[in-house]
Amino acid sequence: MEGVEVPSYFLCPISLELMRDPVTLTTGITYDRDSIERWIFDRKQSTCPVTKQPLGDRELTPNHTLRRLIQAWCTLNSSNGVDRIPTPRAPIDKAQIAKLLEDARLPRSRLGSLRELKMIVSESDRNRRCVEATPGVVDFLASVIVDYGSEGETSDGSESASACDEALVVLQALEISEEGLLDVFVNNGGIMESLSMILRRSNDQSRSNAMLILNSLLGVIPPTRRIGLGGELFQEIVNLVRDRISQQATKAALHALLRLCPYGKSRVKAVKAGAVHALVELLLESPQKRVCELALAGLDCLCGCADGRAELVRHRAAIPAVSKKILRVSQLASEKAVTILYSVARHSATAAVLQEMVNVGVVSELCLVLQAGCGGKMKEKAREILKLHARVWKDSPCVSPLFRKSAYPMSILIGKESLKPGDHIYSWRTAYIYAHHGLYVGDDKVIHFTRGRGEEVGTGTVLDVFLSSSGPHRAPCPTCTNQSLESRGVMSSCLNCFLAGGVLYRFEYGVSPALFLAKARGGTCTLAASDPSEMVIHRAKYLLNNARSGRTKRTGNINNRRATRCRLSTPFRLITTNVYGMAVTAVGVYCASRYIADISNRIDVVRVPVEELTAGLASGRVRVAEVEIIWLCLNDRKDERLWEFGWIFGLVDHWPEGGDSDP
């Protein structure tokens, strides 16, 4: 056909090829049937490709005149290698399908009619769409399946079983809408039981088709009806997962389990049917990405109940199989695997299970998740698992010092090597009654606000003499010779002098509410987000430089009575600062008080530039009333304001009602 010029009106406007079955739309434009059907039905377009006019009627009218002209032109150019196009077979129409359906209702011609209908559907997408659009076809096919189920156990060779097999093939090939599927379920009451019976048969093709139809129905039926499905159906779905007759059927069975198991009773039914063991075996054998994702999603769902977690732990290969999918299959698979391990570690973590997690490499996989920069939720869950059992795993070489438990519950012990400039750090003092905070600025230097001995806790009793924090009895440091042990105010010291023999902790910013309330004591984390490290370091150094020039020198000793009143300005503050009060205070009140007192939830706090702060101190308008509080009196007005001293603590308190207006 090379070198032969084809008339332009013989070419399809879509494919630009010679038309073999020209059809005309209501807009008057002629196209090749295959091309325009793909445009309308496959690509879901509702306009004419050439005129862009909407197609109210999608009826395709055969253009016989143009087809004959094309055939005549092909005959004239046969010497040039042009083959004559055959006369297309007349497309099936709804009337023919309706006649075939009427014959299929007769017992003697049912099997033959169903086979002919199967051949029509498999011939082309056009025929399939015509069958779908014929009223009564879907309901008739469903009734054939229900009739087979109502007869009880029937051998594969019977006529009823053969008719059911043909109906399954046709019904599965049709693309039925959700409304149509819901009608099938409503109008055919025994459809689920019949499909369950078919899943018990030995014919793998029929089992596969039944599973595909069952999965489609489960996607549309109401949740209340899904909960009421019997345990036999769960057993047959699990058996299909075990048998793995085809990838398509296995995926459909996994989808069906996911649709059934969001509900508690359904999870228990699936566990009793052996779903956990079947999914674990599937993880061990199947290398396909999508199958692994579905299996992990199913295990995650089943681990939502105690029976599911118990079965998972009982299977010797379960935990290794799940952990080996982390960071090896896909992001979704990794998230599901970490979630499964989180459920086990949180609710079923016996000593044997924790030891197994170390032996099979679960702990190392979780540490790898933290280092790989994974998603927020997955990383947070991995961190929570390590925190929950860090005391047991403390001797594991892969556990970072970040997760090793300290003597004080829920404090995050870190190593010096993990410090970064701008980190807010602290160290607990005598008997864990007081925490001393500071800002690490690099080069082994810490800028912190310190007070003399006896001023750290402010109890106003003789205990202040013993509860020293910033002024421990230590030998002079050779690198901090310019700092007196009795110094007070903003100062810079080496990290060792800041710790004063204590251990190093990092203050956490932007924690979740659950983690914030889980902390055993305040002052170790906040819901608020941290400012950039560069800005924080600038504030600390600015205050340090102005402290050295005398502009922020304190203007008098703090009155013990007033300092104590600042600390106990609300009943909640007593709860959050007194260790002994925590033991006798209701848990609910304690959690609420800490949540309310957090800096992110305070409405009586404003942010002030550090330059204005030091200027106010120098002019006398601002005087230091307490380490956490800077009290500002504006002339003689009553609207005193509290300013944030967040570069060290990130927490402030407000002056008690009825207190003196001038500290």
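Residues numbered from 1 in each chain as written. Predicted model: local features only at pLDDT ≥ 70, side-chain atom pairs only at ≥ 80, totals over all residues. Heavy atoms only, no water.

- An unreviewed UniProt entry lists the protein chain under the name U-box domain-containing protein, with Musa troglodytarum as the source organism.
- According to the UniProt record, the Catalytic activity (unreviewed entry) comment for the protein chain is "S-ubiquitinyl-[E2 ubiquitin-conjugating enzyme]-L-cysteine + [acceptor protein]-L-lysine = [E2 ubiquitin-conjugating enzyme]-L-cysteine + N(6)-ubiquitinyl-[acceptor protein]-L-lysine."
- The UniProt entry for the protein chain carries the following text under Function (unreviewed entry): "Functions as an E3 ubiquitin ligase." (UniProt positions renumbered as here; feature names shortened; annotations may be inferred.)

## Some points on the side chain of Glu293
Here is step 1 of the chain: Its location among the elements puts Glu293 in helix α16 (residues 289–302).
Here is step 2 of the chain: Overall, Glu293 belongs to the buried group, its relative accessible area being 8%.
Here is step 3 of the chain: For Glu293, the contacting residues outside a window of four places in its chain are Ser330, Leu332 and Ala333. (Helix = DSSP H or I, 4+ residues; strand = E, 2+ residues; numbered from the N terminus. Buried < 20%, exposed > 50% of the residue type's maximum accessible area, 1.4 Å probe, protein only. Contact = heavy atoms within 4.5 Å.)

## Focus: the environment of Leu254
Here is step 1 of the chain: Inspection of the secondary structure assignment puts Leu254 in helix α13 (residues 247–260).
Here is step 2 of the chain: Spatially, the C-alpha atoms of Leu254 and Asn215 are 9.1 Å apart, while their sequence positions differ by 39 residues.
Here is step 3 of the chain: Leu254 has contacts with Val241, Leu279, Leu282, Val291, Leu294 and Ala295, leaving out every residue within four places of it along the chain.

## Some remarks on the sheet that holds strand β1 (residues 22–24)
Here is step 1 of the chain: Ordered in space as β2-β1-β3, the three strands form an open sheet in which the pairing is antiparallel. The open sheet has two free edges, formed respectively by β2 (30–32) and β3 (61–62), since each of these has just one partner strand.
Here is step 2 of the chain: Both β1 and β2 contribute to a ladder of three bridges, which runs antiparallel. Within β2, the position partnered with Pro22 by the bridge is Asp32.
Here is step 3 of the chain: Each of β1, β2 and β3 touches helix α1 (residues 33–42); the most contacted strand, β2, lies at about 95° to it. (Pairing = 2+ DSSP bridges. Axes fitted to C-alpha atoms, helices over the stretch in contact; angles between N-to-C directions.)

## Digging into the side chain of His424
Here is step 1 of the chain: Here His424 is to be found in strand β4 (residues 424–428).
Here is step 2 of the chain: Judged by relative accessible area, His424 falls into the buried class, the value being 4%.
Here is step 3 of the chain: A distance of 2.9 Å separates the side chain of His424 from the side chain of His437, its partner in a polar contact. (Polar contact = N/O pair within 3.5 Å; in protein donor to acceptor, adjacent residues only side chain to side chain.)

## Overview of helix α6 (residues 137–150)
Here is step 1 of the chain: The terminal C-alpha atoms of α6, which comprises 14 residues, lie 20 Å apart, in line with the 20 Å expected from a rise of 1.5 Å per residue.
Here is step 2 of the chain: Taking burial as the measure, the 14 residues of α6 include 10 buried ones, the bulk of the element.
Here is step 3 of the chain: The set of residues buried in α6 consists of Val137, Val138, Phe140, Leu141, Ala142, Val144, Ile145, Val146, Tyr148 and Gly149.
Here is step 4 of the chain: Its buried side turned inward, α6 meets α3 (94–104), α4 (110–123), α5 (125–133), α7 (159–173), α8 (178–187) and α9 (191–198). (Expected span 1.5 Å × (residues − 1).)

## Here's the deal with the pattern of salt bridges
Here is step 1 of the chain: Applying the stated criterion to the full structure yields 21 salt bridges.
Here is step 2 of the chain: With a shortest N-O distance of 2.9 Å, Arg201 and Asp165 are connected by a salt bridge. Note that Arg201 is positioned in the loop between α9 and α10 (204–218) and Asp165 in helix α7, a separation of 36 residues in sequence. Exposure class is identical for Arg201 and Asp165. Each is buried.
Here is step 3 of the chain: A salt bridge links Arg207 to Asp204; the nearest nitrogen and oxygen atoms lie 3.8 Å apart. Of the two residues, Arg207 and Asp204 both sit in helix α10, three residues apart, roughly one turn of that helix. (Salt bridge = Lys/Arg side-chain N within 4 Å of Asp/Glu carboxyl O.)

## Let's talk about the pairing of strand β7 (residues 489–494)
Here is step 1 of the chain: Of all six residues in β7, six are buried; the element is thus mostly enclosed.
Here is step 2 of the chain: Pairing analysis gives six bridges linking strand β6 (residues 445–450) to β7, with the strands arranged antiparallel. The residue bridging His448 from the neighbouring strand is Met491, located in β7.

## Notes on the packing of aromatic side chains
Here is step 1 of the chain: Counted under the stated rule, the structure contains four aromatic pairs.
Here is step 2 of the chain: On the numbers, 6.0 Å between centres and 70° between planes, the contact of Phe10 with Trp73 is edge-to-face. Highlighted residues: Phe10 in the segment before β1 and Trp73 in helix α2 (residues 64–76), separated in sequence by 63 residues. There is no split in this pair, since Phe10 and Trp73 are both buried.
Here is step 3 of the chain: What links up through ring pairs into an aromatic cluster is the set Tyr9, Phe10 and Trp73. (Phe/Tyr/Trp six-rings, centres within 6.5 Å; stacked < 30°, edge-to-face > 60°.)

## Some words on the packing of α9 against α10
Here is step 1 of the chain: As a packed pair, α9 and α10 sit with axes 9 Å apart at the nearest point and diverge in direction by 150°. When the axis of α9 is compared with that of α10, the two are roughly antiparallel. At the point where α9 passes α10, the crossing takes the left-handed sense. Together, Ile191, Met192, Leu195 and Ile198 of α9 and Ser206, Arg207, Ala210, Ile213, Leu214, Leu217 and Leu218 of α10 make up the contact between the two elements.
Here is step 2 of the chain: Grouping the constituent residues of the contact of α9 with α10 by class yields nine nonpolar, one polar and one charged. (Parallel < 35°, antiparallel > 145°, perpendicular 65-115°, else oblique. Left-handed = near helix turned anticlockwise from the far one by under 90°. Nonpolar A, V, L, I, M, F, W, Y, C, P; charged D, E, K, R; others polar.)

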